[in-house]
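Structure at a glance
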Amino acid sequence: MPLDPDLSIIVQFSNAPAARDLSEIRRTAIANSALLPNRPVTIAGTRDLTIPGPASELPARLYTPEGSGPFPLTVYYHGGGFVAFNIQTHDQVCRELCAGAKTAVLSVEYRLAPEHKFPAPVDDSYAALTWAAGHAAELGADAARLAVAGDSAGASLAIAVTLRARDDHGPVIRAQLLIYPVTDFVNSERYPSRRENSGYLLTEEGMKFSAQMYLADPAHAVHPHVSPLHAADLKGLPPALVMTAEFDPLRDEGAGYAAALAAAGVPVQHLPGPGMIHGFANMTGLSPAAAALMDRAAGWLERELAPA
């Protein structure tokens, strides 16, 4: 399909000179996210809190749907290349998932690179999951209906959390919602989408920058919590919905991860985004097509978290 015309103005931003200084990158990312229009959704409310992390307290925000609980609980990890964004930049995404899936959402602000390189963000993300599972009742939620979700770098963290929970006999996760995940830091040249789609907001240069910021040692690129497509075993992971975007450099590795999960016997659906670009989950106020995709994701999550 052609590029969604409602997203063309966003693509124009991608052709502007890129920020070079990390602090400028962070400021620009937050400022640009605040300019995006939001579509109206209704939830019962939000509550900001801090939760214990392995090295420091982590900011978090709890979203509660309308109705009476206990509700399912989804722990959400924001995107931003491991170096930028926060819970506020992804506030709308979490509101939409909360309302659409009728799940409580705990959005977590993990430590960012390069100040805190791998595995610090993974450690924070897993600590948030275990805390959420242990304190679900306090959050008005049901620990037996637990999910993880994230976009881009946040989806990478969600994957890492599922692997760690399986291997460490941690909380039982019922579902994983992965929105244009990063799954392979090793073999980027393998994927045609890396070459075809570098002019649509996310660029190959930007991904290389993120990798340099995130990984203290290039050898970390093969770690399964960084590149799950290189994991020795994907069996026993929770059911997954993998969303990709047609005009996204990460399209092919996302589809590849969905195929790898299926080959390992994991129940998985791949939801492609025709005409979409990287970041469309934050652009539902601009694009009805993006909104429809996120509504489908919320519907999937609601079904997966339904009472047994």
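Refer to the preceding data block for the structure.
Residues numbered from 1 in each chain as written. Predicted model: local features only at pLDDT ≥ 70, side-chain atom pairs only at ≥ 80, totals over all residues. Heavy atoms only, no water.

Comments concerning the packing of helix α4 (residues 120-134) against helix α5 (residues 153-167)
Running from N to C, α4 and α5 point in directions that differ by 65 degrees, and their axes come no closer than 9 Å. Note that α4 runs across α5; the crossing there is right-handed. Contact residues: α4 offers Pro 121, Val 122, Asp 123, Ser 125, Tyr 126 and Leu 129, while α5 offers Leu 157, Ala 160, Val 161, Arg 164 and Ala 165. For the contact of α4 with α5, the per-class residue count stands at eight nonpolar, one polar and two charged. (Axes fitted to C-alpha atoms, helices over the stretch in contact; angles between N-to-C directions. Helix = DSSP H or I, 4+ residues; strand = E, 2+ residues; numbered from the N terminus. Left-handed = near helix turned anticlockwise from the far one by under 90°. Contact = heavy atoms within 4.5 Å. Nonpolar A, V, L, I, M, F, W, Y, C, P; charged D, E, K, R; others polar.)

Quick look at the layout of surface pockets
Reported here for the second largest pocket is a volume of approximately 230 Å³. Counting only elements with at least two residues in the lining of the second largest pocket, the list comes to α2 (22-34) and α3 (91-101). For the lining of the second largest pocket, a count of residues per class yields seven nonpolar, nine polar and one charged. (1 Å grid on protein atoms, 1.4 Å probe; cavity = no way out; pocket = protein on both sides within 12 Å on 5 of 7 lines; lining within 4 Å. Points joined across faces, edges and corners; volume = space filled by probe spheres on them.)

Looking at the nonpolar core
Ranked by internal contacts, the top residues of the largest apolar core, which has 63 residues, are Leu 73, Tyr 77, Leu 106, Leu 129 and Tyr 214. It is α5 that provides the largest number of residues to this core, a total of nine residues. Judged by nonpolar contacts, the second largest core, of 37 residues, contains Val 105, Ala 147, Leu 241 and Met 283. (Core = buried A, V, L, I, M, F, W, Y, C linked by side-chain atoms within 4.5 Å. Buried < 20%, exposed > 50% of the residue type's maximum accessible area, 1.4 Å probe, protein only.)

Let's talk about the pairing of strand β7 (residues 240-243)
Along β7, one buried face is formed by Ala 240 and Val 242 and the opposite face, lined by Leu 241 and Met 243, is buried too. In this structure, strand β6 (residues 175-179) lies alongside β7, joined through four bridges in parallel fashion. When the bridges of β7 are listed, Ile 179 appears paired with Met 243. Tracing the backbone out of β7, into helix α8 (residues 251-263) and back to the parallel element strand β8 (residues 268-271) gives a crossover that is right-handed. (Pairing = 2+ DSSP bridges. Right-handed = clockwise from strand over helix to strand, strands pointing away.)

Things to note about α2
A turn of α-helix holds 3.6 residues, and therefore any two residues three or four places apart point the same way. The terminal C-alpha atoms of α2, which comprises 13 residues, lie 19 Å apart, in line with the 18 Å expected from a rise of 1.5 Å per residue. Buried residues of α2: Leu 22, Ile 25, Arg 26, Ala 29 and Ser 33, and no others. Buried residues of α2, viewed axially, fall in a sector of 95 degrees; they line one side. Exposed positions of α2 whose direction lies more than 90 degrees from the buried face are Arg 27 and Ala 34. Buried residues along α2 sit against α7 (204-214). (Expected span 1.5 Å × (residues − 1). Arc of directions from axis to C-beta.)

Without other data, these values stay purely geometric and don't point to any function.
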